[in-house]
Amino acid sequence: MKKNLVCVLCPRGCRIIVDSESLEVIGNACSRGAQFGPQEIISPQRMLTSTASIKGALHKKIPVRTTSAIPFDQTFQCIQEIQKLQLTAPIEVGQVLIPNILGTGVDIIASRSLCINLP
Ligand code: SF4
């Protein structure tokens, strides 16, 4: 069976067709699309960005992200884990906030630094 997909790895958004049996890909403008297509059929994965609560900083939320793509079907559970975080400033960009989230081998890290907000 042929599956029509859009490659999401870059803004070009190539419309690709993947044969779900042979995993042959057509319509991709580069080799990354040839890897994305079969991966999307076998086990879709996505990078995750979100925000977490933080105390003692200028802002009440800090942007966070995964260090690499996670299984798409675990996205909602990961967001729930991120929502449980109760961080306190200071936080450094790249600081690991949740190591190996849900046993995926992927860490949740801070996407920016937030220092202590002095009164
Ligand atoms: S196939 Fe290559 S050029 Fe096309 S959207 Fe994917 S990454 Fe971008």
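Please read these numbers as outputs of a predicted model, since none were measured by experiment.

(A) Region of interest: unusual backbone geometry. Here Ala89 and Pro90 are connected by a cis peptide whose omega angle stands at 5 degrees. Relative to the helices and strands, Pro90 is located in the loop between strand 8 (86-88) and strand 9 (96-98). Residues other than glycine seldom take positive phi values, yet Leu102 does so here, at roughly 55 degrees. Note that Leu102 resides in the loop between strand 9 and strand 10 (108-110).

(B) Representation of the side chain of Thr75. With respect to the helices and strands, the residue Thr75 is situated in helix 2 (residues 75-83). In terms of polar contacts, Thr75 uses its side chain to reach the backbone carbonyl oxygen of Phe72, at 2.7 Å. Those residues within four positions of Thr75 in sequence are excluded, and the remaining contacts are Leu48 and Ile70.

(C) Main features of helix 2. Of the positions making up helix 2, those classed as buried are Thr75, Cys78 and Ile82. Taken down its axis, helix 2 places every buried residue within 60 degrees of arc, on the same side. Opposite the packed face of helix 2, turned more than 90 degrees from it, sit the exposed residues Phe76 and Gln83. Buried positions along helix 2 lie against strand 5 (49-55), strand 6 (61-66), strand 7 (70-71), strand 9 and strand 10.

(D) Geometry of the site of the ligand. What surrounds the ligand is the set Cys7, Leu9, Cys10, Arg12, Gly13, Cys14, Asn28, Ala29, Cys30, Arg32 and Gly33. Tallied by class, the residues present in the shell around the ligand amount to 6 nonpolar, 3 polar and 2 charged.

(E) Inspection of the domain arrangement of the protein at higher detail. For the protein, the domain assignment lists domain 1 (2-42) and domain 2 (49-110). One C-alpha centre belongs to domain 1, the other to domain 2; they are set 29 Å apart.

(F) Region of the structure containing the sheet that holds strand 2 (residues 15-19). The 3 strands are arranged 1-2-3 in an open sheet whose pairing can be described as antiparallel. If you trace the sheet from one side to the other, it starts and ends with strand 1 (2-6) and strand 3 (25-26), each paired once. Looking at chain direction, strand 2 and strand 3 are connected through 2 bridges and run antiparallel. Bridge pairing in strand 3 links Val18 to Val25. The strands that helix 1 (residues 31-42) touches are strand 1, strand 2 and strand 3; relative to strand 2, the one it contacts most, it runs at about 55 degrees.

How each quantity is defined
- Residue numbering note: each chain is counted from 1, following its sequence as written.
- A pLDDT threshold of at least 70 governs which residues receive local features in this predicted model, and a stricter bar of 80 or more applies before side-chain atom pairs are shown or counted, although totals over entire chains, interfaces and linings include all residues.
- With hydrogens and water excluded, all non-hydrogen atoms of the structure serve as input to the side-chain values.
- Strands are runs of DSSP state E lasting at least two residues, helices are runs of H or I lasting at least four, and both sets are numbered from the N terminus onward.
- A 3.5 Å cut-off defines polar contacts: any pair of N or O atoms within that distance qualifies, except that in protein one atom must be a possible hydrogen donor and the other a possible acceptor, and neighbouring residues in sequence count only when both atoms are side-chain atoms.
- Contacts are assigned to residue pairs that have any heavy atoms within 4.5 Å of one another.
- Think of it in three bands: residues with accessible area under 20% of the maximum for their type are buried, residues over 50% are exposed, and the middle band is partly exposed, with areas taken using a 1.4 Å probe on protein chains only.
- Relevant arc is that of directions from the helix axis to the C-beta atoms, nothing else.
- The rule for a residue being near a molecule or strand is that one of its heavy atoms must lie within 4 Å of it.
- Only Asp, Glu, Lys and Arg are considered charged in this grouping, and only Ala, Val, Leu, Ile, Met, Phe, Trp, Tyr, Cys and Pro are considered nonpolar; every other residue, Gly among them, is considered polar.
- By convention here, the domain bounds are inherited from an automatic or database domain assignment.
- Any two strands with at least two DSSP-identified bridges between them are counted as paired.
- Fitted lines through C-alpha atoms serve as axes, helices being fitted only where they are in contact, and the angles separating the N-to-C directions of these axes extend from 0 to 180 degrees.

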